[in-house]
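One letter stands for each residue in the lines below.
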Amino acid sequence: LTPFSASEDMRSTWQSKAGRSPLQTLYESDQFEQSSLQAVHQQRREMLSNVCSRYTRKRRLLQPDDLRHLVVDDTHGLLYCYVPKVACTNWKRVMMVLTGQGKYQDPLEIPAHEAHVPSNLRTLSEYSVPEINYRLRSYLKFVFVREPFERLVSAYRNKFTLSYNTAFHKRYGTKIIRRHRQEPSDRALERGDDVRFEEFVYYLLDPRTQQEEPFNEHWERVHSLCHPCIIHYDVVGKYETLAEDANYILQLVGADTSVKFPASSKTTRTTDDMTAQFFQDISPFYQRRLFNLYKMDYLLFNYSIPSYLRIR
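So, a few notes on the structure that sits alongside this text. (Residues numbered from 1 in each chain as written. Predicted model: local features only at pLDDT ≥ 70, side-chain atom pairs only at ≥ 80, totals over all residues. Heavy atoms only, no water.)

## Observations regarding the overall build of the chain
Here's step 1: Assigned secondary structure in the chain consists of 16 helices and four strands.
Here's step 2: The proportion of buried residues among the 312 residues of the chain is 50%.
Here's step 3: Sequence-distant contacts in the chain: of pairs separated by 6 or more residues, those separated by 24 or more amount to 71%. (Helix = DSSP H or I, 4+ residues; strand = E, 2+ residues; numbered from the N terminus. Buried < 20%, exposed > 50% of the residue type's maximum accessible area, 1.4 Å probe, protein only. Contact = heavy atoms within 4.5 Å.)

## A word on helix α13 (residues 242–252)
Here's step 1: Every buried residue of α13 is accounted for by Leu-242, Asp-245, Ala-246, Tyr-248, Ile-249, Leu-250 and Leu-252.
Here's step 2: Positive phi shows up at Gly-254, right after α13, with a value of about 70 degrees.

## Considering the pairing of strand β3 (residues 140–145)
Here's step 1: The element β3 is extensively covered by neighbouring structure, given that six of its six residues are classed as buried.
Here's step 2: Burial along β3 is two-sided: Leu-140, Phe-142 and Phe-144 facing one way and Lys-141, Val-143 and Val-145 facing the other are all buried.
Here's step 3: The sheet contact formed by strand β2 (residues 78–81) and β3 spans four bridges and is parallel. When the sheet's bridge partners are listed, Leu-79 is paired in β3 with Lys-141.
Here's step 4: As paired strands, β3 and strand β4 (residues 235–238) are joined by four bridges and run parallel to one another. Note on β4: the bridge partner recorded for Val-143 is Val-236. (Pairing = 2+ DSSP bridges.)

## Considerations on the packing of helix α8 (residues 166–180) against helix α10 (residues 197–205)
Here's step 1: Packing of α8 against α10 brings their axes to within 9 Å, and their N-to-C directions diverge by 85 degrees. On the basis of their axis angle, the class for α8 and α10 is roughly perpendicular. Where α8 abuts α10, its residues Tyr-172, Lys-175, Ile-176, Ile-177 and His-180 lie against Glu-199, Phe-200, Tyr-202 and Tyr-203.
Here's step 2: Looking at the contact of α8 with α10, its residues break down into six nonpolar, one polar and two charged. (Axes fitted to C-alpha atoms, helices over the stretch in contact; angles between N-to-C directions. Parallel < 35°, antiparallel > 145°, perpendicular 65-115°, else oblique. Nonpolar A, V, L, I, M, F, W, Y, C, P; charged D, E, K, R; others polar.)

## Some words on the pattern of salt bridges
Here's step 1: Taken as a whole and assessed by the stated rule, the structure comprises 19 salt bridges.
Here's step 2: Notably, a salt bridge pairs Glu-126 with Arg-122, separated by 3.6 Å at the nearest N-O pair.
Here's step 3: According to the relative accessible area criterion, Arg-122 is partly exposed, its value standing at 41%.
Here's step 4: For the salt bridge of Arg-208 with Asp-206, the shortest nitrogen-to-oxygen distance reads 2.8 Å.
Here's step 5: Taking the relative accessible area as the measure of exposure, Arg-208 reaches 37% and is therefore partly exposed.
Here's step 6: Each of the salt bridges in this network shares a partner with another, and the network as a whole consists of Arg-171, Lys-175, Arg-179, Glu-212 and Glu-213. (Salt bridge = Lys/Arg side-chain N within 4 Å of Asp/Glu carboxyl O.)

## As for helix α14 (residues 272–279)
Here's step 1: Those residues of α14 that sit buried are Thr-275, Ala-276 and Phe-279. One face of α14 carries all of its buried residues, which in axial projection span an arc of 105 degrees. In α14, those exposed residues whose orientation departs by more than 90 degrees from the buried face are Asp-273 and Gln-277.
Here's step 2: Those residues of α14 hidden inside the fold are in contact with α7 (148–160), α10 and α15 (284–293). (Arc of directions from axis to C-beta.)

## A few points about the side chain of Glu-220
Here's step 1: Assignment of secondary structure puts Glu-220 in the loop between α11 (207–212) and α12 (222–226).
Here's step 2: When near neighbours in sequence (up to four residues on either side) are disregarded, Glu-220 contacts Arg-151, Phe-215 and Leu-225.

## Quick notes on the nonpolar core
Here's step 1: Of all hydrophobic cores here, the largest spans 91 residues; its most connected members are Trp-91, Phe-149, Phe-200, Leu-204, Trp-219, Leu-290 and Tyr-294.
Here's step 2: In terms of residue count, the dominant contributor to this core is helix α4 (residues 88–99) (seven residues).
Here's step 3: Taken together, domain 1 (22–147 + 221–253) and domain 2 (149–218 + 270–296) each give at least three residues to this core, which thus spans both.
Here's step 4: The contacts of Phe-149, once residues within four sequence positions are left out, are Thr-275, Phe-279, Leu-290, Phe-291, Tyr-294, Tyr-298, Pro-306, Tyr-308 and Leu-309. (Core = buried A, V, L, I, M, F, W, Y, C linked by side-chain atoms within 4.5 Å. Domains from an automatic or database assignment.)

## Overview of the environment of Lys-92
Here's step 1: Among the structural elements, Lys-92 can be located in helix α4.
Here's step 2: Note: C-alpha distance between Lys-92 and Asn-120 (28 residues apart in sequence) is 9.2 Å.

## A few points about the pairing of β2
Here's step 1: The two faces of β2 match: Leu-78 and Tyr-80 on one face and Leu-79 and Cys-81 on the other face are all buried.
Here's step 2: Across four bridges, the pairing between strand β1 (residues 70–73) and β2 is antiparallel. When the sheet's bridge partners are listed, Val-72 is paired in β2 with Leu-79.
Here's step 3: Linking β1 to β2, which pair antiparallel, is a turn of four residues; within it Gly-77 sits at a positive phi near 65 degrees.

## Digging into unusual backbone geometry
Here's step 1: Here the phi dihedral of Glu-183 falls at roughly 50 degrees; this positive angle occurs in a residue that is not glycine.
Here's step 2: Assignment of secondary structure puts Glu-183 in the loop between α8 and α9 (186–191).
Here's step 3: Even without being a glycine, His-227 presents a positive backbone phi close to 50 degrees.
Here's step 4: Along the chain, His-227 turns up in the loop between α12 and β4.

Quick look at the structure:
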């Protein structure tokens, strides 16, 4: 696939079916004053571009396999790269409403498990090369990111501490315990349902892990899932400003005003303080190695080194 040209900016990359995009109208209107939100998103794109140019020497071509996380909305000219543990269930629900031709009205009426059924949403990898290139050039592209270690702890809590996630316990938990626990019990080896965070960290840093298979999408780095140095995203939304960024995107694509991004009601969500507690028992040596593993996400999306880390 032809890599998307870095020189094209937002004004020229997204053309709606009508030939003029809401973005063009905004940019060209004399009355329009650049909102603070627009300025924020401009800064995020510039930061991303600067870091990409500094750290990526050779541009590689996208393969169809790279595009499995890009959800397509042909109705509104929208591409969304989903990142697990960054409100992706709610975004998939919203995408089902946007692409559903009236089948769905309210995102929250869609059961969470249904939002993750692959056949309910099309991904860019399912299109032909010319169709892929057309959409990469023409559609509004967005991704949502989150503080990397907060996302990592959220993934650990969800996949390894909840009793109903037996598939993850069997698939990953048993392997982690077998390799990274001294004298594990037979029960732990069989069930894999009591992985400690420290053991999870050892697993992530074990060279064998990525030699055997790619990271699971729940703890894979955002830059490996969404390729932000090859695909030029128009909007980089952040979990920390989820509601404002989500509304901004829905306005940009001219979504029906009745389509609302679901308000977050979770009281169990992983916070910075909670993340700090998980890292208390991780030695500075392993903290630094883990930070280096996720360093590109910190740089690309302008997250500072967490104050609780003892790596300075």
